[in-house]
Amino acid sequence: GGYDASFSATAREATERSGISKLMHDGYVVHDHLFEPCGYSMNGVAQGDSYWTIHITPEAHCSYASFETNYKCATYQDLIQRVVAVFQPGRFTTVEHIDFASEAGNRGPQSPADCSGHRLKNRVVNDFCDGAYSIQVCNYVKDGEVAN
């Protein structure tokens, strides 16, 4: 279902029914909103100083969903898998900003996420500030689908 009145009567119901409320294990939703005629937005916090935000625009001609966080963890693999399981996209892009002084950065170079049912189509990694941080951009497509 989409994020409109046929899917749920309230934003809170949409947050629960979609599985969004379970994405961040130690986080909680601060504000969620269901738009007319369709659409959804949510902001939450985790680990005290971390945030997460979601925006969904379910249109027949071009649906879009975004998930953004500054969540601190050793790897984003599990989080990316949970987000993909909730949204079930045909294709998606991840952008990871890795500070090498962080827990994730201390683990060394980041590998693309292993997302069951999707394959990595493209990957670009750029290092900045003499290697102090990097940005990894990965594009995935659903297995069996041809990417443009």
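The preceding data block contains the structure.
Residues numbered from 1 in each chain as written. Predicted model: local features only at pLDDT ≥ 70, side-chain atom pairs only at ≥ 80, totals over all residues. Heavy atoms only, no water.

A. Quick look at the sheet that holds strand E2 (residues 40–46). If you trace the four strands from one edge of the open sheet to the other, you get E1-E2-E3-E4, paired in antiparallel fashion. At either end of the open sheet lies a strand with only one pairing partner, and these are strand E1 (27–34) and strand E4 (64–69). Between one strand axis and the next, the sheet turns through 10 degrees on average, direction left out of account. As defined by bridge partners, E1 adjoins E2 across seven bridges and the pair is classed as antiparallel. Counterpart to Asp32 in the pairing with E2 is Met42. Sitting on the sheet, helix H1 (residues 11–18) is in contact with E1 and E2, with an inclination near 125 degrees to E1. This element, helix H2 (residues 77–87), spans strand E3 (50–57) and E4 of the sheet and lies at about 155 degrees to E4. (Pairing = 2+ DSSP bridges. Helix = DSSP H or I, 4+ residues; strand = E, 2+ residues; numbered from the N terminus. Axes fitted to C-alpha atoms, helices over the stretch in contact; angles between N-to-C directions. Contact = heavy atoms within 4.5 Å.)

B. The arrangement of the environment of Met24 in detail. Structurally, the position occupied by Met24 is in the loop between H1 and E1. Taking C-alpha positions, Met24 is 8.3 Å from Trp52, a pair spaced 28 residues apart along the chain. Excluding residues within four positions of it along the chain, Met24 makes contact with Ala46, Trp52, Phe67, Thr69, Tyr71, Leu79 and Arg82.

C. Highlighting the environment of Val86. One can find Val86 in helix H2. Residue classification places Val86 among the buried positions, given a relative accessible area of 18%. Separated by 68 residues in sequence, Val86 and Ser18 have C-alpha atoms that sit 6.6 Å apart. (Buried < 20%, exposed > 50% of the residue type's maximum accessible area, 1.4 Å probe, protein only.)

D. Fine view of the pattern of salt bridges. Across all of its chains, the model carries two salt bridges by this definition. A salt bridge links Arg12 to Asp32; its shortest N-O distance comes to 3.6 Å. Residue Arg12 is located in helix H1, and its partner Asp32 is located in strand E1; the two are separated by 20 residues in the primary sequence. Under the relative-accessibility criterion, Asp32 is labelled buried at 13%. (Salt bridge = Lys/Arg side-chain N within 4 Å of Asp/Glu carboxyl O.)

E. Examining the sheet that holds strand E6 (residues 118–128) more closely. With respect to topology, three strands assemble into an open sheet ordered E5-E7-E6, the strand pairing being antiparallel. Each end of this open sheet is capped by a strand with a single partner; those strands are strand E5 (91–99) and E6. Each adjacent strand pair in this sheet contributes to an overall mean axis angle of 15 degrees, direction not counted. Across nine bridges, E5 lies against strand E7 (residues 133–142) in antiparallel orientation. Within E7, the position partnered with Glu96 by the bridge is Gln136.

F. Molecular detail of the packing of aromatic side chains. Following the criterion strictly, the structure yields three aromatic pairs and no others. Between Trp52 and Phe67, the ring centres sit 6.4 Å apart and the planes meet at 50 degrees, which makes this aromatic pair tilted. Linking Trp52 in strand E3 with Phe67 in strand E4, this pair joins segments that are 15 residues apart in sequence. Trp52 sits in the buried class, given a relative accessible area of 1%. Taking relative accessible area as the criterion, Phe67 reaches 22% and is therefore assigned partly exposed. Look at Phe128 and Tyr133: their rings are 5.4 Å apart centre to centre, the planes differ by 20 degrees, and that puts the pair in the stacked class. (Phe/Tyr/Trp six-rings, centres within 6.5 Å; stacked < 30°, edge-to-face > 60°.)

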